[in-house]
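# Architecture at a glance
If you want the building blocks of each chain, they are given just below.
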Amino acid sequence: MRQQLQLLLLIALVIALGAAGYRILFGSGPGYELVVVSAAGATAEVGGRSVGEIGPGTTLPVDSRVQTGEDGQARLRYGDNAELLMAELSSIQVVSADPTGLRVELESGTVSARVRQGAAPLNISNRGRSVGATDADFTVMVGSSGPLSVASQRGKLSLIGMGDQSILEPNTSLHTHGADRTAVLPITESLLFEVEWPEETKTRESTVEVAGTTDPYATVTLGSGPDAVRVRADRDGRFRATVPLIEGDNDIELRVRDVSGRKATKRQALSRDTTAPTIEAAEVVWGQ
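Note on numbering: residues in each chain are counted from 1, in written sequence order. Where local features are concerned, this predicted model is filtered to residues with pLDDT of at least 70; where side-chain atom pairs are given and counted, the filter is 80 or more; whole-chain, interface and lining totals use all residues. For the side-chain quantities, the full set of heavy atoms in the structure was used; hydrogens and water were omitted.

## A word on the overall build of the protein chain
What counts here: Think of it this way: any DSSP run of H or I at least four residues long counts as a helix, any run of E at least two long counts as a strand, and we number them from the N terminus. When a residue's accessible area, from a 1.4 Å probe over protein chains only, is under 20% of the maximum for its type it is buried; when over 50% it is exposed; and in between it is partly exposed. Should any heavy atoms of two residues lie within 4.5 Å, those residues are considered in contact. Note on areas: Shrake-Rupley with a 1.4 Å probe; residue coverage comes only from the protein chains shown.
In terms of helices and strands, the protein chain carries one helix and 23 strands. Taken over 288 residues, the protein chain has a buried fraction of 39%. Across the protein chain, every contact between residues at least 6 apart in sequence was considered, and the portion connecting residues at least 24 apart equals 45%. In the form shown here, the protein chain has an accessible surface area of approximately 16,200 Å², with 52% of it arising from carbon and sulfur atoms.

## Description of the pairing of strand β2 (residues 49–53)
Note the cut-off: By definition, two strands form a pair when at least two bridges between them are found by DSSP.
Burial runs low along β2: only zero of the five residues are buried. Summarising the sheet, strand β1 (residues 34–46) and β2 pair through four bridges and their orientation is antiparallel. Bridged to alanine 44 within β2 is glycine 52. Between β1 and β2, which pair antiparallel one after the other, the connecting turn spans two residues, and glycine 47 there sits at a positive phi close to 60°.

## Looking at the side chain of glutamate 105
Worth spelling out the cut-off: Only four residue types enter the charge count: Lys and Arg as positive, Asp and Glu as negative, with His and the chain ends excluded. In what follows, salt bridge is the name for a side-chain nitrogen of Lys or Arg lying within 4 Å of a carboxyl oxygen of Asp or Glu. We call two N or O atoms a polar contact when they sit within 3.5 Å, provided that within protein one can donate a hydrogen and the other can accept it, with sequence-adjacent residues counted only if both atoms are side-chain atoms.
Tracing the sequence through the fold places glutamate 105 in strand β7 (residues 101–115). The side chain of glutamate 105 sits in the buried core without any salt bridge; arginine 103 is the nearest counter-charge, 4.5 Å away. A polar atom in the side chain of glutamate 105 sits 2.6 Å from the side chain of serine 125.

## Structural notes on the pattern of salt bridges
For the coordinates displayed, the defined rule picks out 18 salt bridges. A salt bridge links glutamate 209 to arginine 240; its shortest N-O distance comes to 2.9 Å. Taken together, the residues span a long stretch of sequence, with glutamate 209 in strand β18 (residues 207–214) and arginine 240 in strand β21 (residues 238–244) at a distance of 31 residues. The class of glutamate 209 is partly exposed, set by a relative accessible area of 44%.

## Quick look at the side chain of serine 271
Structurally, serine 271 is set in strand β23 (residues 263–272). Residue class for serine 271 comes out buried when judged on its relative accessible area of 18%. Contact partners of serine 271, with chain neighbours within four places excluded, come to Thr201, Lys202, Thr203, Gly248 and Asp249.

## Remarks on the sheet that holds strand β17 (residues 202–203)
Overall, mixed pairing links the five strands, which are arranged β17-β23-β22-β19-β20 in an open sheet. If you trace the sheet from one side to the other, it starts and ends with β17 and β20 (229–232), each paired once. As defined by bridge partners, β17 adjoins β23 across two bridges and the pair is classed as parallel. Within β23, the residue paired with threonine 203 across the bridge is arginine 272.

## Considerations on the sheet that holds β21
What counts, and what does not: Lines fitted to C-alpha atoms define the axes here, with helix axes fitted over just the stretch in contact, and angles between the N-to-C directions of these axes take values from 0 to 180 degrees.
The three strands lie next to each other as β16-β18-β21, forming an open sheet whose pairing is antiparallel. Looking at which strands have only one partner, the edges of the open sheet turn out to be β16 (193–196) and β21. Between one strand axis and the next, the sheet turns through 25° on average, direction left out of account. Bridge analysis of β18 against β21 gives seven bridges, and the strand direction is antiparallel. Within the sheet, the bridge partner assigned to threonine 213 lies in β21 and is arginine 238.

## Observations regarding unusual backbone geometry
Of note in this structure, aspartate 71 is not a glycine but carries a positive phi near 65°. Along the polypeptide, aspartate 71 turns up in strand β4 (residues 64–78). In this structure, arginine 127 takes a positive phi of about 50° despite not being glycine. In this structure, arginine 127 sits in the loop between β8 (122–126) and β9 (129–133). Accessibility expressed as a relative area gives 55% for arginine 127, which makes it exposed.

## Quick look at the nonpolar core
What tends to happen in soluble globular proteins is that the nonpolar side chains get buried as a cluster. In plain terms, the rule: Residues belong to a common nonpolar core when they are buried Ala, Val, Leu, Ile, Met, Phe, Trp, Tyr or Cys residues joined through side-chain atoms within 4.5 Å.
Counting 39 residues, the largest nonpolar core has Leu76, Leu84, Leu102, Ile124 and Phe138 as the members making the most contacts within it. With six residues, the single largest contributor to this core is β7. Sequence-distant contacts of leucine 76, that is, excluding residues within four places in its chain, are made with Leu34, Val35, Val36, Val37, Leu60, Ala82, Glu83, Leu84, Met86 and Ile92. In this structure, Val220, Leu222, Phe239 and Ala241 belong to the second largest nonpolar core, which totals 19 residues.

## A closer look at the confidence of the model for the protein chain
In plain terms, the rule: Residue-level confidence of the predictor is summarised by pLDDT, bounded by 0 at the bottom and 100 at the top.
Within the protein chain, residue pLDDT values average 86, and 84% of them lie at 70 or more. By mean pLDDT, helix α1 (residues 2–26) is the weakest element of the protein chain at 48, and strand β13 (residues 167–168) is the strongest at 97. Scored below 50 in pLDDT, residues 12–29 shows 14 contacts in the model against residues more than four places distant or in partner chains.

Shown next as structure tokens:
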């Protein structure tokens, strides 16, 4: 009887070890899941069906889509040595998560990644372009019209679909512009942000043009909400945008985010007054 009990215990142990080994080999275990660490203003869809807001502990299976709203963010963890930080107004889709690594499609916005040595490879792709790492800190930014920027704060990155560039060295950034054109630039020590506001703070016009200088290819957002205007600085860091004005006082906020994830904000009060000037009638006395 005792021998039978020992045999049963041995069989149960073998089954348990086999199940654990299967999870390790085929990626169904927790080590190969993308899990939410923290989130605010972030929602998810799984297989095209909305699951609403996400929070700590939410598991994101393959084919999940995660979106962050204005002022939203989401920090995601893959295993013990890899993390993703989604900035506001960003969207990703989980393409694969298994022992060969994690791959996500960055549909829009900005994602920063931290991958430590020993982690499975992490790959962020967009429209046939991809950035991969096994031991690095980096950021990928995708503009609404398609341009992509990537910066490596630490470690080498492997690149696919970005012209002749297949490797990005630490402390450098790469920016796509036009068809198959790229620019590789060093990461500056501090974020430049200078704004040329209109000389007149009061106008009758319905729009105002704002220009300035920031880091090359940084994203500049003017205003907030659905009427916000977003532009990308050019190679020299110059930007120009037309901002709509409402009647009365307008508190214009400009926010800049470079590919390294650094941010800065400037504000300016402008006023729109379309009221016609009042012309007082003069009294005329005839015969004098």
